[in-house]
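Per-entry structural report
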Amino acid sequence: MVRFVLFRLLQSLIALAILSVVVFVLARATGDPLHMILPMNASAEDYANARAYLGLDRPYLQQYLSFVGRAVTGDFGTSIRARRPVSELLRERLPNSLRLATFAMGVSLAIAFPLGVMAAVRKGTGVDRAAQIVAVLGQSLPTFWVAIVLVEFVAGRLQWLPAGGADSLASYVLPGFTLGWFVVAGMMRLLRSGMLEVLDSEYVKLARLKGVAERKVVWVHALKNALIPVVTFAGIYFAVLVTTAIVVETVFAWPGLGRLAYDGITSRDFPVIQAVVLVTAILVAAVNLCVDCVYALIDPRIRYAR
Amino acid sequence: MPAVIDVRDLRTHIVTRWGTIKAVDGVSFALEDGETLGLVGESGSGKSMTCLSIVRLVPRPAARIVGGAVRLDGDDLLTKSDAEMQQIRGRKVAMILQDPMSSLNPVFSIGMQMREPLTMYHGLRGSAVAARAAELLDAVRIPSPAARLRAFPHQLSGGMRQRVVGAMAIAGPPRLLMADEPTTSLDLTIQAQYLGLLKDLQQRHRFAMIFVTHNLGIVARTCDRVAVMYAGRIVEMGPVRRIFTEPTHPYTQALLASIPRFGVRRERLTAIAGQPPDLSRLGAGCAFAPRCPAAFERCAEAPPETTVAAGHVTRCWLHGG
Amino acid sequence: MSIIAVPELEAQAPVSARRQRLPVVSLGIVAIFVLVALLAPLLAPADPYDQSLRLRFRPPVWEERGSWAYPLGTDRLGRDLLSRIIYGARVSLAAGVVTVLISSAFGAAVGLVAGYYGGRTDAVLMRVTDATLSFPVILLALILAVTVGPSFTNVVIAIAVILWARYARVIRGQVLTLMTLDFIAQARIAGAGAWRIITRHLLPNTLNTLVVLITLQVGYVIIVEASLSFLGAGIPPPTPAWGSMIAEGRDFVTSAWWVSFFPGLAILLVVLAFNLLGDWLRDTLDPKLRQL
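In this text, all values refer to a predicted model and were calculated from it rather than measured experimentally.

Details of the overall build of chain A
- Broken down by element type, chain A carries 13 helices and 0 strands.
- Each helix (α) and strand (β) of chain A, taken in turn from the N terminus, gives the series α-α-α-α-α-α-α-α-α-α-α-α-α.
- For chain A, buried positions account for 46% of its 306 residues.
- Once local pairs closer than 6 in sequence are excluded, the contacts in chain A between residues at least 24 apart make up 74%.

Next comes the structure, spelled out in structure tokens:
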């Protein structure tokens, strides 16, 4: 088991290394940040000075190495636009994004699990139909559209929930719901199809023959087997949540990573862009690693195979 | 001695898009302690469905038991509630399925799967469970039983898995054990061992056994009586010796004739002419008539069960009725 | 007397008639939108770029100040909403179809190669695929938009560059299964080379999966394109794109609700139709793909 984890860790690190190069190149590709921060009538000398000051006149390889070197210690440089250390900005914004994603994920799973299992157990009945409708809608609705409507009506007209900011628990609800909607759809479908398949299997039949109560057959014997693909997708979805949060964060004025990225990109703020993409990638890699480990925990066949 | 299991006129129907299938159409038999009944027939003859009907685990919602009585030690199982049936399954009536690869839950250890029946049937806890589980594994001749408890199904061979399933089946110990082609997926060399194991267990615990198979050789070795099924009905039933030496029903005769035998020269292998019947379109007469070489006008009417000799019954107009 | 022998334990509940029928509704919706996109100039009642300050924020025809000249109302610049939605269909469908075709072709190729050769090739390709999969599409598109400027091509590139990985993963999985079957070994024995085996034997067997995936992904791409346009990184104005139309109407949701509502509804209908169609295709062609 330990070997398994270490091996996966190594693979993740390699992937990250490749990604850091890509990130570096991409950030530089957005253009020259100096156009944004220097006044219109700045002279060539001003440009040269600013460039030297920001270290942008060094050869690319050197810039890359210093970027990596400092990134490893947590120093992502200074935001060109905000004049503050990027790590500080990250520290402010990242937790917000994580919290929102976790909230959305938690709520979605809490809804998707019982719905998916019941839809399978009571296949063909009202519950099943309702679940299928939810699933299809969830994957077809454009989230930002729903978000706008929600902001206007629930927050604006009805004043039930706050429209923006990340202050209270209540302010998590709308953005969380908007974000998590499609997760509910996807998860529920997966669970339903997984359960349907497992409920048909020989070992479930044998469990019933042994006299195991139907409840236990469904929620213990069957579910654990159906979880396998669900776990994989849960990881993917979490990563997707964090990365597509840009749109939701914009609509709900959520002070998270997405907004930071958006502002950074539009102002060609290299350090910020690099940092955000890198952090996102690390996050995704970490989540994938966790998923693989949970996967191995659930399915012993993975553990002992190589 | 009262019968352990007494099935009377059991009927199970399956509703499909193409019509209603009479999967089990009036099956009756009785077994005593330590007796083994072989249930023989082609696919679709109703052998497995009969066993599932006994424990009321027919695949719902399409299949339903529509009539008859199933008495276990005098108690009619068909009148019991779901909760009562759940108590009976496994504990009083156990079943072994065909494919050992898929009978065991791949994500739970052997120990956990063995613990379950022990806790459910006997309320054992803690170390008593592990001890008893190891005992059971030992009873089915699995080496190093204690270590095996921690293993997972994919780490065992097919033969061992089937033994584990057997161990779980005798955890009750049950009054009736139904084995649905338990050796079909095993290697030939293992088959004989497994059959021997089942007989030993039966000797020890004195349960009645129903052995579903299409292999007449196994029937000859392990069963006391045999019932031949066709299209949901028992067409002939009797002591093994008699059925093999003096089969009365044309279908039984055809089955026996189609077994290739060493030392007997034959021009070609005899197969049974025609195709298995469409169970949703059974007529009122004998179901085998279309394929029967000896069919005559009377066969348009369903033959009743007639006693040919002591303990030997048949459903064929050729033998009175 | 028929020859069906029904297996004992495989009792299936009566299959409801719905499943077997063609998904008329979704096919119809898809067909309608495709036609609308193709025949836009003929169908649109007005010029989608035609501004009129006088006709700003007119409501749909069934409300008080509405009129049949602009059935779904007008937007901030007095442009007819219906026409803009019709033209917007061009953008969305084109983006969806083109992106999906490109990424599926490339992704399937990668998947086929990785699955066939296995070993080191497979490992390397899969690492790249995984890394690609974890890259946020919207971020990439934003960066492209900022660097090179927002445009249709950039949207397609940004999405396709990441989307192919999905196809690669799935196709590779399929190929791995196919490789265990005997007919591949037989082809090899018969002397078939890699190219022949991949194109003649493996590819046709993965077509079912591809078709299902493609149909299901079109909806996804349309939503991503709309999200990008919404953020300002997609198709630039004044070209009508549903996403940017929603963004334009964002501040007037209570007063001029139709400006944001109808484009959103259009997106919903199209994506819903494609998803339902994809589901039906999957159930018909290969139910084992339930995980998609």
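Let us keep going from here.
Side note on the overall build of chain B
- Looking only at helices and strands, chain B has 11 helices and 12 strands in total.
- By the compact-globule yardstick of 20 Å for 321 residues, chain B fits well, its C-alpha radius of gyration being 21 Å.
- Each principal axis of the C-alpha atoms in chain B carries an extent, and together these give about 70 × 50 × 45 Å.
- Counting over 321 residues, chain B shows a buried share of 46%.
- At a minimum sequence separation of 6, the contacts of chain B that also span at least 24 residues come to 64%.

Some thoughts on the sheet that holds strand 12 (residues 312-314) of chain B
All names here are of chain B.
- Ordered by their spatial adjacency, 8 strands build an open sheet running 6-7-8-3-9-10-12-11, and the pairing between neighbours is mixed. Each edge of the open sheet is held by one strand with a lone partner, namely strand 6 (93-96) and strand 11 (306-309). On average, each strand axis in the sheet is inclined to that of its neighbour by 20°, with strand direction left out of account.
- Pairing of strand 6 with strand 7 (residues 176-180), which is carried by 4 bridges, proceeds in the parallel orientation.

Some words on the pairing of strand 1 (residues 5-16) of chain B
Residues and elements named next belong to chain B.
- As judged from the 10 bridges shared by strand 1 and strand 2 (residues 19-31), these two strands associate in the antiparallel manner. If you follow leucine 10 over to strand 2, its bridge partner there is valine 27.
- Hairpin connection, strand 1 to strand 2: the antiparallel pair is bridged by 2 residues.
- Pairing of strand 1 with strand 4 (residues 63-72) involves 8 bridges; the strand directions are antiparallel. If you follow valine 7 over to strand 4, its bridge partner there is valine 70.

Here's the deal with the interface of chain C and chain A
- Counting from both sides, the interface comprises 31 residues of chain C and, opposite them, 39 residues of chain A.
- Looking at the side of chain C that touches chain A, the elements that each hand over two or more residues are helix 5 (119-133), helix 6 (137-148), helix 9 (194-231) and helix 11 (258-285) of chain C.
- Looking at the side of chain C that touches chain A, the element that brings in the most residues is helix 11 of chain C, giving 8 residues.
- Among the residues making up the side of chain C that touches chain A, the classes are represented as 18 nonpolar, 9 polar and 4 charged.

Side note on the packing of helix 9 of chain C against helix 11 of chain C
Residues and elements named next belong to chain C.
- Where helix 9 meets helix 11, the closest approach of the two axes is 8 Å, and the angle between their N-to-C directions is 165°. What the angle tells us is that helix 9 and helix 11 run roughly antiparallel. In the packing of helix 9 onto helix 11, the handedness of the crossing is left-handed. Across from Asn208, Val211, Val212, Thr215, Leu216, Val218, Gly219, Ile222, Ile223 and Ala226 in helix 9, the residues of helix 11 making contact are Ile267, Val270, Val271, Phe274, Asn275, Leu277, Gly278, Leu281, Arg282 and Leu285.

Digging into the domain arrangement of chain B
All names here are of chain B.
- Along its sequence, chain B is carved into domain 1 (5-92 + 176-319) and domain 2 (102-171).
- Of note, the centres of domain 1 and domain 2, computed from C-alpha atoms alone, are 30 Å apart.
- Of the residues lining the interface, 12 residues belong to domain 1; the matching set on domain 2 comes to 10 residues.
- The greatest single-element share of the side of domain 1 that touches domain 2, amounting to 6 residues, is contributed by helix 8 (residues 188-205).

Some thoughts on the interface of chain B and chain A
- Contacts between chain B and chain A engage 22 residues on the former and 18 residues on the latter.
- Contributing elements (two or more residues each) for the side of chain B that touches chain A: helix 2 (82-88), helix 3 (100-103) and helix 4 (110-122) of chain B.
- When residues in the side of chain B that touches chain A are grouped by element, the largest group, 3 residues, is from helix 4 of chain B.
- In the side of chain B that touches chain A, the residues fall into 11 nonpolar, 7 polar and 4 charged.

A closer look at the confidence of the model for chain B
- Mean pLDDT over chain B works out to 87, with 96% of the residues at or above the 70 mark.
- This complex was scored by the predictor with a pTM of 0.75 and an ipTM of 0.80.

Let's talk about the packing of helix 5 (residues 86-121) of chain A against helix 8 (residues 170-199) of chain A
Residue and element names in this part refer to chain A.
- As a packed pair, helix 5 and helix 8 sit with axes 6 Å apart at the nearest point and diverge in direction by 35°. For the crossing formed where helix 5 meets helix 8, the hand is right-handed.
- Of the residues contributing to the contact of helix 5 with helix 8, the split by class is 24 nonpolar, 4 polar and 1 charged.

Points about helix 5 of chain C
Residue and element names in this part refer to chain C.
- The terminal C-alpha atoms of helix 5 lie 21 Å apart, and with 15 residues this matches the ideal 21 Å at 1.5 Å per residue to within 8%.
- Of the positions making up helix 5, those classed as buried are Thr129, Ala131 and Thr132. Within helix 5, the buried residues cover an arc of 165° as seen down the axis, which keeps them to one side. Of the exposed residues in helix 5, the ones pointing more than 90 degrees away from its buried face are Gly119, Arg120 and Ala123.

Comments concerning the sheet that holds strand 4 of chain B
- One open sheet holds the 4 strands; their spatial order is 2-1-4-5 (chain B), and the pairing between them is antiparallel. What marks the edges here is a single partner per strand, and that holds for strand 2 and strand 5 (75-76) of chain B.

Points about the environment of serine 229 of chain C
Residues and elements named next belong to chain C.
- Within the secondary structure, serine 229 sits in helix 9.
- A sequence separation of 78 residues divides serine 229 from serine 151, and the C-alpha atoms of the two residues are 9.7 Å apart.
- Setting aside residues no more than four positions away along its own chain, serine 229 makes contact with Gly234, Ile235, Ala241, Gly243 and Ser244.

Basis of the calculations
- Residues numbered from 1 in each chain as written.
- Chains lettered and ligands numbered in written order.
- Predicted model: local features only at pLDDT ≥ 70, side-chain atom pairs only at ≥ 80, totals over all residues.
- Helix = DSSP H or I, 4+ residues; strand = E, 2+ residues; numbered from the N terminus.
- Buried ≥ 20, exposed ≤ 12 C-beta atoms within 10 Å, placed from the backbone.
- Contact = placed C-beta atoms within 7 Å.
- Rg over C-alpha atoms; globule rule 2.2 N^0.38 Å.
- Pairing = 2+ DSSP bridges.
- Axes fitted to C-alpha atoms, helices over the stretch in contact; angles between N-to-C directions.
- Nonpolar A, V, L, I, M, F, W, Y, C, P; charged D, E, K, R; others polar.
- Parallel < 35°, antiparallel > 145°, perpendicular 65-115°, else oblique.
- Left-handed = near helix turned anticlockwise from the far one by under 90°.
- Domains from an automatic or database assignment.
- pLDDT = per-residue confidence, 0-100.
- Expected span 1.5 Å × (residues − 1).
- Arc of directions from axis to C-beta.

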